[in-house]
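A look at the structure
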Amino acid sequence: MVRRREFLKATTGATAAALSASAAEDNPVRVGIIGNGNRGTSLLGRVLRIDWAHVTALCDVRPEASAKSQDLLQTAGRPKAETYTGSPEAYKRMLDRKDLDVVIIATPWDLHTPMALDAMRAGKAVATEVPAAQTVEDCWALLETRDKTGSPCMMLENWSFRRDNLAVLNMIRLGLLGDIVHCHCAHSHDCVLHTPWYFDRKGNPTWFGGKLIDRNCDQYPTHSLGPVLSWMDIHCGDAFDNIITVATRSLGINHMFAEVLGKDSAPARRRYAQGDIVTSLIRTKRGNTIVLNNDMQLPRPYDNRWMIQGTDGVYSEERNSIYLWRRSPQAHEWEAFPPYQDRYEHAWWKPMADPKNGKDQLAAGHGGTDPLMIYKFLEAVRNRTPLPLSLEDGLLMSVVVPLSGQSIAGNAKAIDFPDFTRGAWKTNKPYFALDRKA
Ligand SMILES: NC(=O)c1ccc[n+]([C@@H]2O[C@H](COP(=O)([O-])OP(=O)(O)OC[C@H]3O[C@@H](n4cnc5c(N)ncnc54)[C@H](O)[C@@H]3O)[C@@H](O)[C@H]2O)c1
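Residues numbered from 1 in each chain as written. Predicted model: local features only at pLDDT ≥ 70, side-chain atom pairs only at ≥ 80, totals over all residues.

A separate point is the confidence of the model for the chain. Mean pLDDT over the chain stands at 92; residues scoring 70 or higher make up 90%. Across residues 1–24 the pLDDT falls below 50, and counting only partners more than four positions away or on other chains, this stretch makes 36 contacts in the model. (pLDDT = per-residue confidence, 0-100. Contact = placed C-beta atoms within 7 Å.)

Quick look at the structure:
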């Protein structure tokens, strides 16, 4: 069992001796999952791959959602978990359990912060889905509560753990791209008819769709920014300074529903505040720039468009290519990235078979990214070591939601970022995904 005092040690950076392998065998991590919908079920599947992670509690307002998760436990040959359901407050009873070390939160966005605050106050380690918060005030509340309670808290930004992004991180840390100055990133994902992400089949909004009616901002910036933070040493020598955001008019959702449900249908006639394409320009304290797009309501294939550029070269995820000055065979010509992927493979992506049963922990879901992220989070809680992604980084990615909205509303006004490190970014050393090679 992982105790609160030990969490405190890990989060305040005091040396916490890692457990010896044999002691760790007796050290299960007990997990509860709030929100047993689409993502909560998927994360449960990741947890179930880890022998020393025991799911003791499940919570959802909808009993049928928790029942489905119970079925997954049974299929995996795991003991039944206690279910908390039937009311929006049921999760609070779950937090009273003594046999619970970790709470994973996979509920609609507005619930992430209140649930994470309650879980930290109850002495649990928290993993919250993205974004961690919806307002600047909620970001500070999470940070202050983490510091006061000593309960570790991490936002589950999975694209930080992606295989290609980690190989690029290794290359950047080895200096192959020179000094980094600029980056592009995007979340381009057509979700209008991706039932039931935004709307049900009749065009009624889900909790996410409701946000598109109510507000105009970068609703979902964390997947784009995840790898960018470590690539650009954000919070470790550099920091976000300010953001300027513009949005196009909103045509995509109305157009889609006019075609699918008829131009006189209520969803086709409804007013959506959310612009189709949101473009933010982030400037860093060091004088670097990031162009960030949110593009989730026009028909298109999925894309992240990561591009990072330095004084010695450029990497393009969209082209699966790289150009390194004086190294690439042809001057000013792209070369294929896959050989670099092999050469600079991150240690986290080496096969990770469990010595006891030979099961590969990384074989499924987002190409293995989600299992890796969940494994690394639970491993840190279990070993009482710092979490793989800091809460400060998660909050910085999340705060783009309200700041981009403020900038759009202010006619592309530049909005300053809060400093969640309280000045520590100036002296912090890179910490994320340190690889012996880099
Ligand atoms: N990282 C990723 O790749 C990824 C992918 C999908 C979703 N997500 C995130 O996961 C979260 C959930 O998304 P989803 O697609 O699973 O949505 P969903 O609607 O399928 O699931 C949300 C669940 O929360 C439950 N819920 C609502 N209020 C509750 C309460 N008070 N107590 C307990 N349960 C409650 C709902 O009944 C539902 O089952 C969102 O934050 C989303 O952004 C992340």
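Let's shift gears to the nonpolar core. One finds L142 and L395 to be the most contacted residues of the largest nonpolar core, which totals 103 residues. Residue assignment places this core across two domains, with domain 1 (4–156) and domain 2 (160–350 + 388–426) each supplying three or more. Not counting residues within four places of it along the chain, the set of residues in contact with L395 comprises A132, A133, C139, L142, L143 and F420. By size, the runner-up hydrophobic cluster in this structure holds eight residues, among which are Y198, L212, I253 and F257. (Core = buried A, V, L, I, M, F, W, Y, C linked by C-beta atoms within 7 Å. Buried ≥ 20, exposed ≤ 12 C-beta atoms within 10 Å, placed from the backbone. Domains from an automatic or database assignment.)

A separate point is the site of the ligand. Every one of the 22 residues lining the ligand counts as a neighbour, but G35, G37, N38, R39 and P88 are closest to it. For the shell around the ligand, the elements supplying multiple residues, two or more each, are α3 (38–48), β2 (53–60) and α6 (109–121). Broken down by element, the residue count for the shell around the ligand peaks at three residues, all from α3. Taken together, the residues of the shell around the ligand sort by class into 11 nonpolar, seven polar and four charged. (Near = placed C-beta within 6 Å. Helix = DSSP H or I, 4+ residues; strand = E, 2+ residues; numbered from the N terminus. Nonpolar A, V, L, I, M, F, W, Y, C, P; charged D, E, K, R; others polar.)

This next bit is on the packing of helix α7 (residues 136–149) against helix α15 (residues 391–398). The N-to-C vectors of α7 and α15 enclose an angle of 175°; their axes lie 10 Å apart at closest approach. As judged from the angle between their axes, α7 and α15 are roughly antiparallel. Contacts between α7 and α15 pair C139, L142, L143 and R146 from the former with L391, L395 and S398 from the latter. Residue composition of the contact of α7 with α15, by class: five nonpolar, one polar and one charged. (Axes fitted to C-alpha atoms, helices over the stretch in contact; angles between N-to-C directions. Parallel < 35°, antiparallel > 145°, perpendicular 65-115°, else oblique.)

Quick look at the pairing of strand β11 (residues 307–310) now. Along β11, the buried face is formed by I308 and G310; none of M307 and Q309, which line the opposite face, is buried. Pairing of strand β7 (residues 180–188) with β11 involves four bridges; the strand directions are antiparallel. The partner of H184 across the bridge, within β11, is M307. Counting the residues that bridge the hairpin from β11 to strand β12 (residues 313–316) gives two residues. (Pairing = 2+ DSSP bridges.)

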